[in-house]
Amino acid sequence: MAEEEEDPGFDEDLDDGGNGVDSGQGKRKRLFSKELRCMMYGFGDDQNPYTESVDILEDLVIEFVTEMTHKAMSIGRQGRVQVEDIVFLIRKDPRKFARVKDLLTMNEELKKARKAFDEANYGS
């Protein structure tokens, strides 16, 4: 029994990785839990995946985004993140590059469609 008191709990062993997401109360605010649960379900997991699985996946996502942001801030214009910097960083990963290219193309098409819709409705 005394051994349990000396051994810190599982939650205390987890470190937030120094990425500044810790809310200061010892428990991190989960930013993407709902979206990750839906994505996990869409990729074949249970409709209600284990909280631990979602938390681990969220930690990985936050770590990836943080690293990419820091790398993007160090290239191009110092201290600023631009789309071109992200594209430059993922240029050697064909799957990520293709996905980003598709998303940027879709974004441009949506902008054009909104502009055409606004012009048709409001007659600019």
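The rules behind the values
Residues numbered from 1 in each chain as written. Predicted model: local features only at pLDDT ≥ 70, side-chain atom pairs only at ≥ 80, totals over all residues. Heavy atoms only, no water. UniProt positions renumbered as here; feature names shortened; annotations may be inferred. Phe/Tyr/Trp six-rings, centres within 6.5 Å; stacked < 30°, edge-to-face > 60°. Lys NZ or Arg CZ within 6 Å of the ring centre and 35° of its normal. Axes fitted to C-alpha atoms, helices over the stretch in contact; angles between N-to-C directions. Helix = DSSP H or I, 4+ residues; strand = E, 2+ residues; numbered from the N terminus. Parallel < 35°, antiparallel > 145°, perpendicular 65-115°, else oblique. Left-handed = near helix turned anticlockwise from the far one by under 90°. Contact = heavy atoms within 4.5 Å. Nonpolar A, V, L, I, M, F, W, Y, C, P; charged D, E, K, R; others polar. Salt bridge = Lys/Arg side-chain N within 4 Å of Asp/Glu carboxyl O.

- Where an unreviewed UniProt entry is consulted, the chain appears under the name Transcription initiation factor TFIID subunit 13, with the organism given as Phoxinus phoxinus.
- What the UniProt record of the chain gives under Sequence similarities (unreviewed entry) is the line "Belongs to the TAF13 family."
- The annotation that UniProt attaches to the chain under Subcellular location (unreviewed entry) is "Nucleus".

**Here's the deal with the packing of aromatic side chains**
Consideration 1: Counting across every chain of the model gives zero aromatic pairs.
Consideration 2: Sitting above the plane of the Phe88 ring, Arg91 keeps its charged end 3.9 Å from the centroid.

**As for the packing of helix α5 (residues 83-90) against helix α6 (residues 94-122)**
Consideration 1: Where α5 meets α6, the closest approach of the two axes is 9 Å, and the angle between their N-to-C directions is 155°. Compared by their axis directions, α5 and α6 come out roughly antiparallel. Crossing of α5 over α6 shows left-handed handedness. Each of Val83, Val87 and Ile90 in α5 lies in contact with α6, whose residues at this interface are Lys96, Phe97, Val100 and Leu104.
Consideration 2: Within the contact of α5 with α6, the residues separate by chemical class into six nonpolar, no polar and one charged.

**Some remarks on the pattern of salt bridges**
Consideration 1: Counted by the stated rule, this structure contains five salt bridges.
Consideration 2: Notably, a salt bridge pairs Glu58 with Arg30, separated by 3.8 Å at the nearest N-O pair. In this pair, Glu58 sits in helix α4 (residues 51-74) while Arg30 sits in the loop between α2 (10-13) and α3 (33-42), placing the two residues 28 residues apart along the sequence.
Consideration 3: Here Lys96 and Asp93 are joined by a salt bridge, their closest N and O atoms 3.5 Å apart.
Consideration 4: Among the charged side chains, a salt-bridge network with shared partners connects Arg30, Asp55, Glu58 and Asp59.

**Some remarks on the packing of α3 against α4**
Consideration 1: Direction vectors running N to C along α3 and α4 enclose 110°, while the axes themselves pass 10 Å from each other. Between α3 and α4, the interaxial angle falls into the category roughly perpendicular. Along the contact surface, α3 presents Ser33, Leu36, Arg37 and Met40, while α4 presents Thr51, Ser53, Val54, Leu57, Glu58 and Val61.
Consideration 2: In terms of residue class, the contact of α3 with α4 is made up of five nonpolar, three polar and two charged.

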